Amino acid sequence: MKSLSHMFTLSGIILTLHSAYSCLHYRELVGSHTSQPPLDVVIEVSVGFVLCLIGRLSAVSFLEVQSTKSDTLFPPAYRTRDFDIYSTRLRFMVAQGGAKKS
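Looking at the element boundaries, L10 is found in helix α1 (residues 2-30). A relative accessible area of 52% places L10 in the exposed class. Distance in space between the C-alpha atoms of L10 and L51 is 8.5 Å, their sequence separation being 41 residues.

Turning next to the packing of α1 against helix α2 (residues 39-59). At their nearest, the axes of α1 and α2 sit 7 Å apart, and the two run at 160° to each other. Considered as vectors, α1 and α2 are oriented roughly antiparallel to each other. The two elements α1 and α2 meet at a crossing, and its hand is left-handed.

Residues lying three or four places apart along an α-helix face the same way, a consequence of the helix completing one turn every 3.6 residues. With 21 residues, α2 extends 30 Å between its outermost C-alpha atoms, agreeing within 8% with the 30 Å of an ideal straight helix rising 1.5 Å per residue. Listed as buried for α2 are V41, E44, G48, L51, C52, G55 and A59. Burial along α2 is one-sided: seen end-on, the buried residues are contained in an arc of 100°. With respect to the buried face of α2, the exposed residues turned more than 90 degrees away are L39 and F49. Contacts made by the buried residues of α2 are with α1.

For S5, the position within the fold is in helix α1. Other than its neighbours up to four places away in sequence, S5 contacts G55, S58 and A59.

What counts and how
- Residues numbered from 1 in each chain as written.
- Predicted model: local features only at pLDDT ≥ 70, side-chain atom pairs only at ≥ 80, totals over all residues.
- Heavy atoms only, no water.
- Helix = DSSP H or I, 4+ residues; strand = E, 2+ residues; numbered from the N terminus.
- Buried < 20%, exposed > 50% of the residue type's maximum accessible area, 1.4 Å probe, protein only.
- Axes fitted to C-alpha atoms, helices over the stretch in contact; angles between N-to-C directions.
- Parallel < 35°, antiparallel > 145°, perpendicular 65-115°, else oblique.
- Left-handed = near helix turned anticlockwise from the far one by under 90°.
- Expected span 1.5 Å × (residues − 1).
- Arc of directions from axis to C-beta.
- Contact = heavy atoms within 4.5 Å.

Structure below.
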């Protein structure tokens, strides 16, 4: 798969470079008074861009399924966070004997 993606990318780069050379050659022959490149250069650049895009997207292995262990989702035991400590006023009130049950 890697060689196919490299082939697409290299073909797209070559087509894009050739279209740039063709546009420069066309402007040299006609003169610099034209503002638009010829249609074949526009098509060649578009095809070269699409080939480069396909080549680079096929080289990337996206949407891979990665296994995750449930052990890695929890912090280590020696690390505590402030919100992990459940210390409330009720414990103090029960120790003092002043908590009323409703």
